[in-house]
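Residue-level listing of the chains:
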Amino acid sequence: MMKGKTVIVTGANSGIGKATAAGIVKLQGRVIMACRDLSRAEQAAREIREETGADSSQLVLKQLDLASLTSVHTFCQDIMKEEPRLDVLINNAGIYQCPYTRTEDGFEMQFGVNHLGHFLLTHLLLDLLKRSAPSRVVVVSSKLYKHGHINFEDLNSEHAYDKAFAYSRSKLANLLFTCELAQRLEGSGVTVNALTPGIVRTNLGRHVHIPVLAKPLFSLLSRGLFKSPEEGAKTSVYLACSPEVDGVQGQCFADCQPQVLLDKATDRDVASKLWDISEVMVGITM
């Protein structure tokens, strides 16, 4: 049970994030729904309350735009002022295969939101997580990381952009971030683990073009082959709540089981270099 525990879920207004928030509320946890669109978050919170019978104190709505470093700073300043403790941070929000666009700060959108926004968010909340130890960070990645590659010469996709590759790269970055953060958190009482949820029926694929005539067939197939958001959220909830992973550090899970990753997702040299460059990109000065 999560009674008395506070959990931040980014992107909690839809899909896996919403199902994760509902799962934690069912375990009597308190969820801070960190969302870019507050009106959609309010609708999601109403639906979660109807589904779970949760009272209003169990769901807190906060504006967070991971495509804006200013928004990340503002969100974290509010959390540090208002919250006496933070038990779990779930880095769930993501953008999938969008056309080439840039964040407010000039980063390629998928790398900027999926990796850099969460990188800064976690950094700014680490002191609170350490004061609340034992506490946890959960990072939502994807099996598509296998198709990604960290090209340090073109992290912003200024020379070439492929939306599928850019997504895979951002998900590989999530795993390398988990790898490096785990090393840095040893002995702190804070654990970090990642997960790959599988193929889930969400609105994440809204930028993927499906011919009009094929949409009914695709919809039918997806219902048979893809996981529901609730099924996709099971591992997120497991890593946030389960005593089975107490003290487990730097692993990646799928279907609540530890996975063996490709070497490129656990390369310490690449993970360390990506960390250092990410600090520079988001303006972290020691």
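The text that follows walks through the structure, step by step, so that each part is easy to find. (Residues numbered from 1 in each chain as written. Predicted model: local features only at pLDDT ≥ 70, side-chain atom pairs only at ≥ 80, totals over all residues. Heavy atoms only, no water.)

## Remarks on the sheet that holds strand β3 (residues 59-63)
Then, number 1: Pairing is mixed across the open sheet formed by eight strands, whose spatial order is β3-β2-β1-β4-β5-β6-β7-β8. Because the sheet does not close on itself, it has two edges, and the strands there are β3 and β8 (257-258).
Then, number 2: Taken strand by strand, helix α5 (residues 163-184) contacts β4 (88-91), β5 (135-140), β6 (190-195) and β7 (252-254), and its axis lies near 155° from that of β6. (Pairing = 2+ DSSP bridges. Helix = DSSP H or I, 4+ residues; strand = E, 2+ residues; numbered from the N terminus. Contact = heavy atoms within 4.5 Å. Axes fitted to C-alpha atoms, helices over the stretch in contact; angles between N-to-C directions.)

## Overview of the packing of aromatic side chains
Then, number 1: One pass over the structure, following the stated rule, counts six aromatic pairs.
Then, number 2: For the ring pair F119 and W275, a centre distance of 4.9 Å and an interplane angle of 75° mean the geometry is edge-to-face. With a gap of 156 residues between them, F119 in helix α4 (residues 109-131) and W275 in helix α8 (residues 268-282) connect regions that are remote in the sequence.
Then, number 3: Taking relative accessible area as the criterion, F119 reaches 2% and is therefore assigned buried.
Then, number 4: One aromatic cluster in this structure is built from F119, F177 and W275. (Phe/Tyr/Trp six-rings, centres within 6.5 Å; stacked < 30°, edge-to-face > 60°. Buried < 20%, exposed > 50% of the residue type's maximum accessible area, 1.4 Å probe, protein only.)

## Notes on the environment of D276
Then, number 1: In this structure, D276 sits in helix α8.
Then, number 2: In this structure D276 comes out as partly exposed when scored by relative accessible area, which is 39%.
Then, number 3: A C-alpha to C-alpha distance of 25 Å links D276 and V9, two positions 267 residues apart in sequence.

## With respect to the pairing of strand β1 (residues 6-10)
Two faces belong to every sheet, and in a regular strand the side chains alternate between them.
Then, number 1: The buried fraction of β1 amounts to five of the five residues, a majority that puts the element mostly inside the structure.
Then, number 2: Side chains of β1 alternate between two faces, with T6, I8 and T10 and V7 and V9 buried alike.
Then, number 3: Crossover connection from β1 via helix α1 (residues 15-26) to parallel strand β2 (residues 30-35): handedness right-handed.
Then, number 4: As paired elements, β1 and β4 share three bridges and run parallel to each other. Note on β4: the bridge partner recorded for I8 is L89. (Right-handed = clockwise from strand over helix to strand, strands pointing away.)

## Here's the deal with the nonpolar core
Then, number 1: Formed by 54 residues in total, the largest nonpolar core has its most connected members in I8, F75, L121, L125 and I150.
Then, number 2: Considering every element that reaches this core, the biggest residue donor is α4, with 11 residues.
Then, number 3: Setting aside anything within four residues of it in sequence, one finds I8 in contact with I32, A34, F75, I79, L86, V88, L89, I90 and L125.
Then, number 4: Counting 29 residues, the second largest nonpolar core, distinct from the first, contains A12, A21, A45 and I48. (Core = buried A, V, L, I, M, F, W, Y, C linked by side-chain atoms within 4.5 Å.)

## Considerations on the pattern of salt bridges
Then, number 1: Counted according to the given criterion, the structure contains 11 salt bridges.
Then, number 2: Across the pair R169 and E108 runs a salt bridge whose closest N-O atoms are separated by 3.3 Å. Remark: E108 occurs in the loop between β4 and α4 and R169 occurs in helix α5; sequence separation between them is 61 residues.
Then, number 3: The class for E108 is buried, based on a relative accessible area of 0%. (Salt bridge = Lys/Arg side-chain N within 4 Å of Asp/Glu carboxyl O.)

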